[in-house]
Amino acid sequence: MNRYFTRKILIYALTFFLAVTIDWMIPRFMPGDPIQNMLSRANVNADAAQVMYTYYAHAFQLDLPIWQQYLNFWGALFRGDLGISIYLFPTPVAKVLMRAVPYDLFLLLPAILLSWWAGNNFGAFAARSKWLDNTVSPIGYILSATPYMWLGIFLAWLLGIVLNIFPIAGAYSFDLQPSFSWKFIGSVLQHWFLPFFSLFLVMFGGWAIGMRNMVIYELEADYSHYLEALGAPQRLVRKYAFQNGILPQITGLALQLGVIVAGALVTEVVFSYPGIGYLLLAAIQNQDYFLIQGCFLFIIIGVLIANFAIDIIYILVDPRTRRGMTGETA
Amino acid sequence: MNTAKKNEFLYFALKNWKLRIGFVVIGVFLILALIGPLLVRNDPFAYANPTGAKPPSSDYWFGTTFFGQDVFAQFVLGLRATFLVGILGGGLATLIGVVVGFTAGYRGGIVDEVLNMLTNIILVIPTMAVLLIIAAYLEVRSIFAECIFIGLTAWPWAARAIRAQTFSLRTRDFVDLAKTSGMSSFKIIFREIAPNMMAYLIMTFILQFGGAILNAATLDFIGLGPTNTISLGMMMQYAVMWGALLLGMWWWFIPPGLAITLIVGALYVMNVGMDEVFNPKLRET
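Note that the structure is predicted; figures quoted are calculated from it, not measured.

Next up on the list: the overall build of chain B. A tally of helices and strands in chain B yields 12 helices and 0 strands. Counting from the amino terminus, chain B carries its helices and strands in the arrangement α-α-α-α-α-α-α-α-α-α-α-α. Expressed along its principal axes, the backbone C-alpha trace of chain B runs to roughly 75 × 45 × 30 Å. Taken across its 285 residues, chain B has 53% of its residues classed as buried. Residue pairs at least 24 apart in sequence account for 72% of intrachain contacts in chain B once pairs closer than 6 positions are excluded. Summed over all atoms, the accessible surface of chain B reaches about 12900 Å², with 68% contributed by carbon and sulfur. One finds the centroid of the 19 positive side-chain charges in chain B at a distance of 7 Å from the centroid of its 15 negative side-chain charges.

Here is the structure:
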């Protein structure tokens, strides 16, 4: 178990290192020059541009040697300094992001956990039942193939515009101030439902199919046949099949996190939901590079933390990892 | 023996309704993408309809956008972009996955250790975040660049799966025999190991194909799509940006998303069908 843990932590540390390096490298080594861009938009004469260029190059410390810039970047990172947002000048990027994170957690955690729980149970239930299987599988495949933003757009149009049941933009009604009143909480939940539901549906399809296949596979395994031969009730056999089938689904959750986060980004864009995704869109449209880089780091850190949490859960759930019987699953 | 076996696969492939459905759906969209632009009378970017947004009619099969652009013309051009991303992006990801997977799985030892570590690291990094930051710094973005970046970031799971498969094959007797007869490693991998997991490689490509399409749609939707053409994801972006939802212009945003769903769904179903054809245990009786 120790080996398993050290390995995992090493991988996460290297991943973080690589991610920060990418974050630092891309603005510096991509074609094009952000300062030049900024100046050409400012539209000043050539001499003034030259002076301003030197000024900005100094202000952003681009005149230092490259290794010094890299070390400074790490230093700033550990002080929590991600630069100043241009789009929301003069708010620091870290502060802008911190304001958006609660909305992301509020949207993502319920959507991920509920869809995983519901999908797994439903998939296990549908396995080997002819009628359910024939209806669930096609729906599951279609759902998991649906682009997140399109399902969001579709639901917003159908339930928001045509049937006019749910609001389709923002995190709460524009005429309310954040407070602890029932009216405000009601409004928050009402605005939360559609983005949550569209994320939930797409993920649900994937988990249901995965679990259905796992349970069928486990029911074909020797131990299941042995239990059946012993005359164990079908419910018990299925219970064991479920318990074994759930393990790959936990690993699957870790592998799917990147896709889920990408889905959440576009869903927030569709519903103008003020999380990181919505912020990112604004940052891209306003060419706010510090904010884009900050979003990138936040997404990576979030995914790394979630991955680590899933690893711990896996160890708790699967006794074999604790006894070091599966060293190579890392 | 060999031809008989191939015919057997062909027989089950033709009998398998999942594969048939998948092929028909992909085929219809592929034909539409190939000949569609020839049927179109309007330039996809021209403001063809002076009256602005109109629902589908005999003149404009899928209606017109807020600006009077022909949605059908944009749709068929977008389909081309979608297939291009699927084939090139998915193909590149599969290729890298194959090379890394074979090398790591067959070599073993320190090479495997390093490649496996690399794979695991890139597997944890959310692909979309990297694509976003690269695309954000590119001022001119071509569809080929998009394909390449998607391919370069999507390979890890394929490499991991292929490595595991290679691991189980490399200790088999026929590989040992090839080794003793002095075959080069390269030849052993492509003559002895690869043919034994051909079905698996094809299935990997199918899944990468679908994944690349979804990735491109996400990237395009967030405003980082190719700057010189139109794609299905960009159609949805423009539709949302110009208030197609509030104005009830469903013909603008339904077709592109529906097409992606059907194409990727068909690919997933084909993947399952393929599994059933090559794995007798799963065949429906």
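Moving on from the model shown.
Turning our attention to the domain arrangement of chain A. All names here are of chain A. Here chain A is described as being made up of domain 1 (16–78) and domain 2 (100–326). Relative to domain 2, the C-alpha centre of domain 1 lies at a distance of 38 Å. The interface of domain 1 with domain 2 comprises 12 residues on the first partner and 9 residues on the second. Of the roughly 830 Å² buried between domain 1 and domain 2 on both sides combined, carbon and sulfur atoms contribute 68%. The interface formed by domain 1 and domain 2 contains 0 salt bridges.

Residue and element names in this part refer to chain A. With 38 residues, helix α8 (residues 182–219) should reach 56 Å at 1.5 Å per residue; the first-to-last C-alpha distance of 49 Å falls well below that figure. Along its length, α8 reaches its greatest deviation from straightness, about 35°, at F193, and the proline P195 lies no more than four positions downstream. Burial analysis of α8 places 27 of its 38 residues in the buried class, which makes it a mostly covered element.

Summed over the entire model, instances satisfying the criterion amount to 4 salt bridges over all chains. Across the pair E113(B) and R7(A) runs a salt bridge, and its minimum N-O distance is 3.2 Å. Placement of the pair is E113(B) in helix α4 (residues 109–124) and R7(A) in helix α1 (residues 2–29), with the two residues belonging to separate chains. With a relative accessible area of 41%, E113(B) lands in the partly exposed category. Notably, a salt bridge pairs K18(B) with E276(B), separated by 2.9 Å at the nearest N-O pair. Here E276(B) lies in helix α12 (residues 250–278) and K18(B) lies in helix α2 (residues 17–39), a separation of 258 residues in the sequence. Across this residue pair, the class does not change: K18(B) and E276(B) are buried.

Here the structure, examined in full by the defined rule, presents 27 aromatic pairs over all chains. With centroids separated by 5.8 Å and ring planes inclined at 40°, the aromatic side chains of F122(A) and F204(A) adopt a geometry described as tilted. You can see F122(A) sitting in helix α5 (residues 93–126) and its partner F204(A) sitting in helix α8, a full 82 residues away along the chain. Both rings, one in F62(B) and one in F72(B), keep their centres 5.1 Å apart while their planes meet at 80°; by these two values the pair is edge-to-face. Of the two residues, F62(B) sits in the loop between α2 and α3 (71–107) while F72(B) sits in helix α3, which places them 10 residues apart along the sequence. In this structure F62(B) comes out as partly exposed when scored by relative accessible area, which is 24%. Note on F72(B): relative accessible area 6%, which makes it buried. Among the aromatic residues, those joined into a cluster by ring pairs are F106(A), F122(A), F166(A), W192(A), F193(A), F196(A), F197(A), F200(A) and F204(A).

Here the focus is the interface of chain A and chain B. In this assembly, 50 residues from chain A lie in contact with 46 residues from chain B. Across the chain A/chain B interface, buried area totals approximately 4400 Å², and carbon plus sulfur atoms make up 80% of it. On the chain A side of the interface with chain B, the three residues burying the most area are Y141(A), W150(A) and W157(A), jointly 14% of the side's total. Viewed at the interface, chain B and chain A are joined by 4 residue pairs in polar contact (both at pLDDT 80 or more). Going through the elements one at a time, α1, α2 (34–42), α6 (130–145), α7 (148–162), α10 (234–270), α11 (276–285) and α12 (289–317) of chain A are the ones with two or more residues in the side of chain A that touches chain B.

Turning to a nonpolar patch on the surface, a few remarks are in order. There is a patch of nonpolar side chains on the surface, built from L30(B), I31(B), L34(B), I35(B), L38(B), L39(B) and W61(B) and spanning about 700 Å² of accessible area. Among the secondary structure elements, L34(B) is positioned in helix α2.

For the rest of this paragraph, the subject is the side chain of N215(B). Residues and elements named next belong to chain B. With respect to the element layout, N215 can be found in helix α10 (residues 198–224). Note on N215: relative accessible area 17%, which makes it buried. Those residues in contact with N215 that lie beyond four places of it in its chain are T127, M128 and I150.

All names here are of chain A. The residue N164 is not glycine, and still its phi comes out positive at about 55°. Take N164: it is sitting in the loop between α7 and α8. For N164, a relative accessible area of 60% corresponds to the exposed category. We note that S272 has phi near 45°; this positive angle belongs to a residue other than glycine. In this structure, S272 sits in the loop between α10 and α11. For S272, a relative accessible area of 24% translates into the label partly exposed.

Cut-off values and rules
Residues numbered from 1 in each chain as written. Chains lettered and ligands numbered in written order. Predicted model: local features only at pLDDT ≥ 70, side-chain atom pairs only at ≥ 80, totals over all residues. Heavy atoms only, no water. Helix = DSSP H or I, 4+ residues; strand = E, 2+ residues; numbered from the N terminus. Buried < 20%, exposed > 50% of the residue type's maximum accessible area, 1.4 Å probe, protein only. Contact = heavy atoms within 4.5 Å. Areas by Shrake-Rupley, 256 points an atom, 1.4 Å probe, with all protein chains shown as cover. Lys, Arg positive; Asp, Glu negative; His and termini not counted. Charge placed at Lys NZ, Arg CZ, Asp CG, Glu CD. Domains from an automatic or database assignment. Buried area = accessible area lost by both parts, 1.4 Å probe. Salt bridge = Lys/Arg side-chain N within 4 Å of Asp/Glu carboxyl O. Expected span 1.5 Å × (residues − 1). Bend = angle between axes of the 7 residues up to and from the residue. Phe/Tyr/Trp six-rings, centres within 6.5 Å; stacked < 30°, edge-to-face > 60°. Polar contact = N/O pair within 3.5 Å; in protein donor to acceptor, adjacent residues only side chain to side chain. Patch = residues over 30% accessible without salt bridge, like charges linked within 9 Å, V, L, I, M, F, W, Y side chains within 5 Å.

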